[in-house]
Amino acid sequence: MNMHAQPQRTLAETALIDAFGERLSLLPGDGAVMTKRDDAIEAIKHGLPTRRIESWHYTDLRRLLTKVPAFEAGAVGKALAPVLEGSAVLPVLNGVSNAKLPEIEGVTVQRLSEKLTDGSIAPGLDRYGDDDAIGALNTAFVADGYFVDIADGTELEKPIELQNLQAGGQSHVRLLTRVGGGAKAIVVERQTGEGDEALVSSVSQLVVGDGAEVTWLIVQEQPDTATHLAQFKAHIGKDAKLTLFVMNAGGKLVRQEVVVRTTGEGADFKLRGINLLAGDTHTDTTMVLDHAVPHTTSTEVMRNVVTGKARGVFQGRINVHQYAQKTNAKMACNTLLLSDDGEFSTKPELEIFADDVVCGHGATVTEIDHNHLFYLMARGIDEKSARGLLVKAFVAEVIEELDDEALVEALEVRLDGWFSTHG
Amino acid sequence: MPAVQETIDRVRKIDVDQYKYGFQTEIEMDKAPKGLSEDIIRFISSKKDEPDWMLEWRLEAYRRWVTLEEPTWARVHYPKINFQDIHYYAAPKSTPGPKSLSEVDPELLKVYEKLGIPLKEQEILAGVQKTVTADEEAEIGDNVYKSGRVAVDAVFDSVSVVTTFKEELAKAGVIFCSISEAIREHPELVKKYLGSVVPTSDNFYATMNSAVFTDGSFVFVPKGVRCPMELSTYFRINEKNTGQFERTLIIAEEGAYVSYLEGCTAPQRDENQLHAAVVELIALDDAEIKYSTVQNWYPGDAEGKGGIYNFVTKRGDCRGDRSKISWTQVETGSAITWKYPSCILRGDDSSGEFYSIAVSNGYQQVDSGTKMIHLGKNTSSRIISKGIAAGFSQNTYRGQVSAHRKAANARNFTNCDSLLIGDQCGAHTVPYMEAKNATAKFEHEATTSKISEDQKFYVMQRGIPEEEAIALIVNGFVKDVIQQLPMEFAVEAQKLIGISLEGSVG
């Protein structure tokens, strides 16, 4: 990596570095945590990544992040009704986690500020590479969030919903979750907000224990004034399963990174994602998946809809390590580009060091199939409705694949919500 | 895969023994001192009797090059190159521009004979029928060009030693000569087109090439002419510590057609040698250029010592409407390959094609692919890439397809498949797709796998030994690309792939 020393700091870079000096005394953490924070701000001092940094090729953060709002947020909102009915809600309001923690059987919940103060999570604050700008930003400023531990063998009856709500300003949140061996859980990570310009960084770290099964939903519906820089990092143990569903339907400048590693044989990872892009926005989904041990499987399906002047990016890299024989990995990224002012860039990468593997990827960019449109219109459906139906069917396909009915219904509601305002 | 040790042993055996072009020839050479400076560039330019404008062009490129940094984004690793430790000019002494073949140093002719390159056009032209002995027959069998008539430009280190069939081509109006000759004889054409596809400021190696290029081929096919035969250039690096920096410029005017072949070899040496070429193709309205390469530079020995660093910039410009440029490459040689033959689809309804087979074995590193840049309306492109990695090699496909806002109905299909043989090698795929137009239609698919046991079993069950079975499957794997090669090259390519992979099967 070559984070070039930048000739002159941008306004945003200066604002971040100054803010760090001002906030330092307010940030929780023992010596080890504070050292990590210092390292992280050093990385930012070298400059935010530009398009010359390969992993940021399509999202030139240095150029795109023009303004950094102050920390002061608007009125503190209230926790929202959960996406899935009956979920236990853990809200983070304007970067601060709730004082009152819910009691869930088999689950230990702690405020992240406590874990920072006692330094027990310091090792987890490492960046995953020189180009990990979101990790650096978050490590430097993270003040709160949650630590959720689901005990071995616990099968959660109700989902857990982690809400990160921001009313303008700046916040940096971390959500750590450990799912014990043989446990089962559904977790919703809700990223939304309202009001003025906001800069949000949010890092989720998940460890899926041996034989555990986790379904994790990221529902990102930021207002179009927000910059949302998020990271989801997971390790999947032996015979464990992780299904990650990412829905991006908001935000002005969004980067959602997904960094996953299979650490035990028999691990299985599924990524299903939909990007609904409108307006003059920029949304980047970047995945790095490491098949680090033999006999692991993964499938990734992304469906993107681009309207207006939106720019979309999907980068997906599958690394198959040298001894990760019998890996089976498949990735698909399909895009409907519906406007001449829109843009979509895809970079699906395979890096393979083992020979006994089956890996493949496919990517398409196209507009609506005229034959399909004709078929519907021949049945008396007007063009606008016919288009709407086809676009919705295109994305709904990935949702319907989820085997939990409540999940499918809840996501279809979100989908309808987006189409009613943008369709 | 089991039997790793066995694989390693066999690979080692092969790499040392099987590069049959590894000989070197003792020919008295005229060399520039080592290093790169303005003086060296003046020296090269004066050696070539170049006009002042050419020297200025070179110097400008050099001044720019000094300010550039070597690119590091490719997936290749090598010790830093000392650009001052290379001879930038080396020419066989006894060739002050031979008028005919009889004036060419016989040693030199022997080299090309050994390589199987037919320079003796007279015999073919005169229709001389030789009585062929069985031994000769076998030898001719190796000479893949025997079937058709191919005009050849032979480039030895820094200079073009001979160009065949010139007169016959001239009758058709086709200019085929060395680029040095073109600079002297056809300055108006060179001035107009040189650097118009790959500008001197393009990238580190292209800029360096612009400053120091020594020879290469020049082809001009005038309006409406279909070039009567295949054109071919054969590159040979012989001298120690030299780099080869050739420059090829091919222009097809309105409605013209030309098919051009390129082949290359080098002696076995322990040091790495540098090859940094630039190829520019220009197709005007309704013109078609087909460019085929069989690249077989010395790949280094079993320990990865020596071999050619092949840093090449190749680009075609479909400047006219309905024009077409097609790249076909078979890459089996070089220690490091860094090469992305590209098409700029500027004219409406123009089309670009890229067919590639990249075979890597031993410690070879390949980072190759293409760029299809759709600018005009209704442009289409097709990419078929087959990578085969064996031994300890790393084989990367890197390609970009982009549609400009105004490129209505741009269409691309990309297919890149990789085959891994052995568990010490790597195959990587890095495609970039950028659509800025709603009517663009891009499709990309890629797969990586090893030869399945089922396939192998099926073939072996019919009594075919394992090694042959694998060769058969591999040949099936690359068939789509081989079919695109001119017939003479297809035979050579198939053999080369066989040789490159032999023994890599554990």
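None of these values were measured; they are calculated from a predicted model. What you see as residue numbers is a count from 1 along each chain, following the sequence as written. For this description, chains carry letters from A and ligands carry numbers from 1, given in the order in which they are written. Since the coordinates come from a predicted model, pLDDT governs what is reported: local features require at least 70, and pairs of side-chain atoms require 80 or more to be given and counted, while whole-chain, interface and lining totals use all residues.

Student: I'm lost on the overall build of chain A in this one. Help?
Tutor: Per the secondary structure count, chain A includes eight helices and 17 strands. The globule rule puts the C-alpha radius of gyration for 423 residues at 22 Å, and the 21 Å found for chain A is close to it. In terms of overall dimensions, chain A has a C-alpha envelope of 70 × 45 × 45 Å along the principal axes. Across chain A, the fraction of contacts at a sequence separation of at least 24, relative to all contacts at a separation of at least 6, is 84%. Only runs of H or I of at least four residues qualify as helices and only runs of E of at least two qualify as strands under DSSP, and these elements are numbered from the N terminus. In this description the radius of gyration comes from C-alpha coordinates, and the expected globular size is given by 2.2 Å times residues to the power 0.38. Each residue is represented by a C-beta atom placed from its backbone, and any two residues with such atoms within 7 Å are regarded as in contact.

Student: For this particular structure, what's the right way to read the pairing of strand 13 (residues 288–295) of chain B?
Tutor: A regular strand places its side chains so that they alternate between the two faces of the sheet. Residues with at least 20 other C-beta atoms within 10 Å of their own are called buried, those with 12 or fewer are called exposed, and the rest are partly exposed. The C-beta atoms themselves are positioned from the backbone. Counting buried residues along strand 13 of chain B, eight of its eight residues qualify, which places the element largely inside the surrounding structure. Both faces of strand 13 of chain B are covered, namely the face carrying E288, K290, S292 and V294 of chain B and the face carrying I289, Y291, T293 and Q295 of chain B.

Student: Could you clarify how one ought to interpret the packing of helix 1 (residues 11–23) of chain A against helix 2 (residues 31–45) of chain A in this entry?
Tutor: The angle between the axes and the distance between the axes are what describe a pair of packed helices. All names here are of chain A. Between N-to-C directions, angles cover 0 to 180 degrees, with each direction set by a line fitted to C-alpha atoms, over the stretch in contact for helices. Relative to each other, helix 1 and helix 2 sit at 160°, their axes nearing to 10 Å. As far as their axial angle goes, helix 2 and helix 1 are roughly antiparallel. Here helix 1 and helix 2 pass one another in a crossing that is left-handed. Of the residues in helix 2, those in contact with E13, L16, I17 and F20 of helix 1 are I41, I44 and K45. When its residues are assigned to classes, the contact of helix 1 with helix 2 shows five nonpolar, no polar and two charged. To sort the angles, those under 35 degrees are grouped as roughly parallel, those over 145 as roughly antiparallel, those from 65 to 115 as roughly perpendicular, and the leftovers as oblique. The hand of a helix crossing depends on one turn: near helix anticlockwise from the far one by less than a right angle means left-handed, and clockwise means right-handed. For this classification, Asp, Glu, Lys and Arg are treated as charged, while Ala, Val, Leu, Ile, Met, Phe, Trp, Tyr, Cys and Pro are nonpolar and the rest, including Gly, are polar.

Student: What should I look at first to understand the nonpolar core in this one?
Tutor: Within soluble globular proteins, side chains that are nonpolar generally end up buried alongside one another. In this structure, V208 of chain A together with V219, V221, A252 and V258 of chain B are the most contacted members of the largest nonpolar core, which totals 245 residues. Note that the domain bounds were set by an automatic or database domain assignment. Two domains each donate at least three residues to this core, and these are domain 1 (11–367) and domain 2 (371–423) of chain A. With near-sequence residues (within four places) excluded, V208 of chain A lies in contact with V179, V214, A234, H235, I236, G237, A240 and L242 of chain A. Think of a nonpolar core as buried Ala, Val, Leu, Ile, Met, Phe, Trp, Tyr and Cys residues chained together by C-beta atoms that fall within 7 Å.

Student: It is not clear to me how the interface of chain B and chain A should be interpreted in this structure. Could you clarify?
Tutor: How big an interface is tends to be reported as the loss of accessible area on association of its parts. Contacts between the two partners involve 32 residues from chain B and, on the opposite side, 32 residues from chain A. Considering only residue class, the side of chain B that touches chain A consists of 14 nonpolar, 10 polar and eight charged. For two strands to be treated as a pair, DSSP must find at least two bridges joining them. As judged from the eight bridges shared by strand 17 (residues 358–366) of chain A and strand 25 (residues 441–449) of chain B, these two strands associate in the antiparallel manner. Residue G362 of chain A lies in a different strand from strand 25 of chain B, and its bridge partner there is E445 of chain B.

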